[in-house]
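The lines below spell out each chain.
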Amino acid sequence: MASRARGLALALLLAAGAGAVPAFAQQVDVPVSAAARCLTVREGAAEAPVYPFDEFKLDRRGAVQVLLRFDAPDAPPILTVQESHGGDAFVDAVRTHAKELRVPCLQPGEGPARLIRDYIFRPDDQRVHWFRAVDATAREHREALRCVGHLKGEKTPAYPIEARRMELQGRVIAEMRFEASDRPPVLTVHARPAARELARAVERWARDLRMPCHPGGVITGNWTYVYLFEGSEVFGFRNVPFRSLLASTQGIQQQRLDFDTGQMGCPFEVDFHYRQPRLRNRIGEVGETNAARRPLLEWMETIVLNLPSNSLDSVYGDSTRITVPCVRIDLKPKE
């Protein structure tokens, strides 16, 4: 595995230089809720709607978007059709299927989970595809994150003097949960061990953040802070071939994978944001989305890289664009 990991390690460039620039918030995103991740079907139920027989025989396509409201972990949702194409038969198929959906991780007193999901009916491959559920509140929460400000007017965390002296570079990911307009966020900071001093600077700075436009409830955002040096080359990912990513995945020889990207509109590109092992990686499709890619993209969120420590210091919190080629992946655990 060490030799395979060198494939991706060669795609990394570590560099340091003089003259530290201030840290800055490189990216803010709304994380996927636990309810959206744990949405499933009850035991013994089919994972997808049944393709309406007449529509399939007549080679008809369909698409249905629904809003699902869950009030309990063991009860079906209240369904509202947001949009549909192709006719009532497709809507009826989704309604029947939705009766089997559950969110077992929903906690008592947590309030309803409101999720949006799209279903695509394609007769050419005899399948019904569905996208991962998204939180109905995601847009509202994204807008709320825009008004977050610092009580002292500071735009970015300080670059610690000792870190500058040691020419320390790194990235810090801060999970912030805002529960009121006049209180600091509940903060969880993630960073590599080598970047502890940088993480402490983010923690001190974040205590003075507020969300004056807080709309109520709990608003969560993930901030990525980058500490770099002026004149440095790339600190993080360079070109990463998809096969190198697979070869450098921790425990790949013990995993069972069955993906055929030829059925996913290959080749296609994805943005890969590395956040493991404490956070899921963030994966984004570039260009037109394709529901058939969902299982592969969800698996890529779980990838933990098997790389030397200094390479992990470099790529943690960084992102790269990866081209997924036309390939059949059929891996079984090795004895």
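Residues numbered from 1 in each chain as written. Predicted model: local features only at pLDDT ≥ 70, side-chain atom pairs only at ≥ 80, totals over all residues. Heavy atoms only, no water.

1. Comments concerning the overall build of the chain
Keep this limit in mind: In DSSP terms, a helix is any run of H or I states spanning at least four residues, a strand is any run of E spanning at least two, and both are numbered starting from the N terminus. The atom set for the radius of gyration is the C-alpha atoms, and the globule formula is 2.2 Å times the number of residues raised to the power 0.38. Throughout, exposure labels follow a simple rule: accessible area from a 1.4 Å probe, protein chains only, divided by the maximum for the residue type, with under 20% read as buried, over 50% as exposed, and the rest as partly exposed.
Scanning the chain for helices and strands turns up 10 helices and 20 strands. A compact globule built from 335 residues would reach a C-alpha radius of gyration of about 20 Å, and the chain, at 22 Å, matches this within 12%. Taken over the C-alpha atoms alone, the chain extends approximately 70 × 50 × 35 Å along its principal axes. In the chain, which comprises 335 residues, the share counted as buried stands at 46%.

2. Things to note about the nonpolar core
Note the threshold: The set of buried Ala, Val, Leu, Ile, Met, Phe, Trp, Tyr and Cys residues whose side-chain atoms join them within 4.5 Å is what this entry labels a nonpolar core. Note on contacts: a residue pair qualifies if any of its non-hydrogen atoms lie within 4.5 Å across the two residues.
Among the nonpolar cores identified, the biggest contains 29 residues, and Phe242, Leu296, Trp299, Met300 and Leu305 are the most heavily contacted of them. A per-element tally of this core places helix α9 (residues 294-300) first, with 4 residues. Aside from chain neighbours lying at most four places away, what touches Met300 is Phe242, Leu245, Val270, Phe272, Asn281 and Ile283. If you look at the next biggest cluster of nonpolar residues, it comprises 27 residues, including Ala45, Tyr51, Val64 and Val103.

3. Let's talk about the environment of Thr261
This is how it is decided: Whenever a nitrogen or oxygen atom comes within 3.5 Å of another N or O atom, the pair is scored as a polar contact, on the condition that within protein one atom can donate a hydrogen and the other can accept it, and that pairs from neighbouring residues in sequence are kept only if both atoms are in side chains.
Here Thr261 shows up in the loop between β16 (257-260) and β17 (268-273). Between the C-alpha atom of Thr261 and that of Pro325, which follows or precedes it by 64 residues, the distance is 7.1 Å. Dropping the residues within four chain positions of it, Thr261 is found in contact with Cys266, Phe268, Leu296, Val324, Pro325, Cys326 and Val327. One polar contact links the side chain of Thr261 to the main-chain carbonyl oxygen of Pro325, over a distance of 2.6 Å.

4. Regarding the packing of aromatic side chains
Heads up, the condition is: Only the six-membered ring of Trp is used, alongside the rings of Phe and Tyr, when aromatic pairs are assigned; centres must lie within 6.5 Å, and planes under 30 degrees apart are stacked while those over 60 apart are edge-to-face, with the rest tilted.
This model, assessed by the stated rule, comprises 10 aromatic pairs. Centroid distance Tyr51 to Phe90: 6.0 Å. Interplanar angle 80°. Geometry classified as edge-to-face. Highlighted residues: Tyr51 in the loop between β3 (40-41) and α3 (53-57) and Phe90 in helix α4 (residues 88-98), separated in sequence by 39 residues. Classification of Tyr51 as buried rests on a relative accessible area of 13%. Plain terms: the ring middles of Tyr159 and Tyr227 are 4.9 Å apart, the flat faces sit at 90° to each other, and that makes the pair edge-to-face. In this pair, Tyr159 is assigned in the loop between β10 (149-150) and α6 (161-165) and Tyr227 in strand β14 (residues 219-227), connecting sequence segments 68 residues apart. Each residue in the set Tyr51, Phe56, Phe90 and Phe121 is aromatic and connected to the rest through ring pairs, giving one cluster.

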